[in-house]
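# Coordinates in review
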Amino acid sequence: MEGDQGTGGSLAQLRVKDGERKGFLSIAPVPIGNMFSASALLVGATIGAGLTLADSLLAIVFGFGFVMCYMCFVVMEAADTGLPTAAFAGAALGRSGARYLVAIIVGVACLGWFGIQAAVCGASFSLMMNDLASFDVPVWASTVFWGAIMVVTAVYGFNGLRYLGYVAAPLLAIICVYGTVVSVSSGGGIQALLGYVPAPEAAIALVAGVNFAIGVIAMLGTTAGDFIRYARDRKTAVLTCLAGLLPAGVVVLMMGAIMSISTGEANIAVIMASFGLPAVGLVALVLSTWTVNASNVYSAGLGFSVMLGRDTDNRKSTTAVAGLIGIAFAAAGILDHLTVFLNVLSACAPALAGTMIADYWIVNRGDKAKFCIGPGFRACGMIAFSVGTLVALVTGGTFGMIPALAFLDVPFFIGPVNGIVVSIVVFMAAHRLIEVR
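Computed from a prediction, not measured in an experiment: that's the story for all the values here.

## So, the packing of helix H4 (residues 38-50) against helix H14 (residues 234-263)
- For the pair H4 and H14, interaxial distance at closest approach is 7 Å and the crossing angle is 50 degrees. In this view, H4 runs oblique relative to H14, as classed from their interaxial angle. Of the two possible hands of crossing, H4 and H14 adopt the one that is right-handed. On H14, the residues touching Ala-40, Leu-41, Val-43, Gly-44, Ala-45, Ile-47, Gly-48 and Ala-49 of H4 are Val-252, Leu-253, Gly-256, Ala-257, Met-259, Ser-260 and Ile-261.
- Its residues assigned to classes, the contact of H4 with H14 shows 11 nonpolar, 4 polar and no charged.

## Some points on a nonpolar patch on the surface
- On the surface, Tyr-100, Ile-104, Val-108 and Phe-377 cluster together to form a nonpolar patch covering roughly 370 Å² of accessible area.
- Note that Tyr-100 resides in helix H8 (residues 95-133).

## A few points about H8
- Look at H8: 55 Å from first C-alpha to last across 39 residues, which is about the 57 Å you get at 1.5 Å a residue.
- Ser-134 sits one or two residues past H8 and shows a positive phi near 55 degrees.

## Regarding unusual backbone geometry
- Phi at Arg-365 is positive, roughly 55 degrees, even though this residue is not glycine.
- When you line up the elements, Arg-365 lands in the loop between helix H18 (338-363) and helix H19 (379-395).
- Take Arg-365: its relative accessible area is 71%, and that puts it in the exposed class.
- Residues other than glycine seldom take positive phi values, yet Phe-413 does so here, at roughly 50 degrees.
- Here Phe-413 shows up in the loop between H19 and helix H20 (415-435).
- Residue classification places Phe-413 among the exposed positions, given a relative accessible area of 55%.

## Overview of the pattern of salt bridges
- If you walk through the whole model with that rule in mind, you get 3 salt bridges.
- Here Asp-80 ties to Arg-234 by a salt bridge, and the two come within 2.6 Å at their closest N and O atoms. Note that Asp-80 is positioned in helix H5 (residues 53-81) and Arg-234 in helix H14, a separation of 154 residues in sequence.
- When its relative accessible area of 11% is taken as the criterion, Asp-80 is described as buried.
- Between Asp-359 and Arg-378 there is a salt bridge, with its nearest N and O atoms 2.6 Å apart. Here Asp-359, found in helix H18, pairs with Arg-378, found in the loop between H18 and H19; they are 19 residues apart in sequence, far enough to count as distant.
- The class of Arg-378 is buried, set by a relative accessible area of 17%.
- In this structure, a network of salt bridges that share partners links the residues Asp-359, Arg-378 and Glu-435.

## Notes on the side chain of Ser-288
- With respect to the helices and strands, Ser-288 occurs in helix H16 (residues 278-307).
- By relative accessible area, Ser-288 is classed as buried at 2%.
- Residues contacting Ser-288, with those up to four places away along its chain left out, are Phe-36, Ser-37, Ala-38, Ala-168 and Leu-172.

Cut-offs applied
- Residues numbered from 1 in each chain as written.
- Predicted model: local features only at pLDDT ≥ 70, side-chain atom pairs only at ≥ 80, totals over all residues.
- Heavy atoms only, no water.
- Axes fitted to C-alpha atoms, helices over the stretch in contact; angles between N-to-C directions.
- Helix = DSSP H or I, 4+ residues; strand = E, 2+ residues; numbered from the N terminus.
- Parallel < 35°, antiparallel > 145°, perpendicular 65-115°, else oblique.
- Left-handed = near helix turned anticlockwise from the far one by under 90°.
- Contact = heavy atoms within 4.5 Å.
- Nonpolar A, V, L, I, M, F, W, Y, C, P; charged D, E, K, R; others polar.
- Patch = residues over 30% accessible without salt bridge, like charges linked within 9 Å, V, L, I, M, F, W, Y side chains within 5 Å.
- Areas by Shrake-Rupley, 256 points an atom, 1.4 Å probe, with all protein chains shown as cover.
- Salt bridge = Lys/Arg side-chain N within 4 Å of Asp/Glu carboxyl O.
- Expected span 1.5 Å × (residues − 1).
- Buried < 20%, exposed > 50% of the residue type's maximum accessible area, 1.4 Å probe, protein only.

Following this line, the structure appears as structure tokens:
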């Protein structure tokens, strides 16, 4: 492909070969399976606990729909270039900008999700031990124990982990369907579900629900090109998003919301333990978080290795350090700060996507022949991302959740939407001022 100036031979090694291209049925199962996770169910339950059923559906559909809008542009660029996000983001941010910025954002996001899912896993294991053996295991101890197992399997590898993945996602999906039916039937039926109104102390604003829905998939919306770059063409890439991820994500989050409303409980581990098959449900959660979190900490370690310029074949030390940080997040109670974490993700990821969309689709009009990665940091991309993220944080309610920074809270419309619009506008303005002669 033309326009690879200054990239050396590294891009040729990363780029998908024509013989590696795949169709929808080969690509879609991976992201669809990943949607059946403890984190998605947890966010769905959080939304369901704070909104009516109708508003929960509205928040989830709007949030996912918004992410799909920018995800489609990102994955089409990935399909055009055949490159992973950390590589093709260099066109908008500069090679160094992509190397550091993408690695930091993705790494921190992966560690945050690692901490949250390790906490869910720890709570599930403690409940399971208490239910099966009447043995009280402190949640923090279970969290550290399972977090360590996840890190060890990510650092040293575990061939059986992929086979656990084949079992975990389908098992969790089956338990979710079963749990949804049981919780509705035992919670007063459809009428009670439709008539649910959250208690004042638990209620959240519709905009907050939208932010939560965006947060759970925001980073995937920006990095989905890592696996959808194997798509045969743009049509296949978009189809994977709209016919695969969108319906799967909405269904999973709505299952979490319905189970939360029907049981009156927002803790997904407690919800799973409340069904007729508590051990099976909790085992499904443990296995699911184990397989997903090993991938999370591996990705974080790999990203940090790239950022530090280390050989990715020797990334064990960075993965181990990342894992220890993730365990510390979990033990310190990151699960209690889920809403802040989701809001930060929903601010950063769309702004990053906005810079890539502005560069590839507006400046270069989607012409892959003009795709070019320059050295160093590209000023217009870095400025656009920074301003877009700040606007999203200020207007999206994030600072309102932090007492010391509440003076920066200026609610307006929907923060992530504001952020991506501003990042695109700022990129175009900076491009004209800095780069156009």
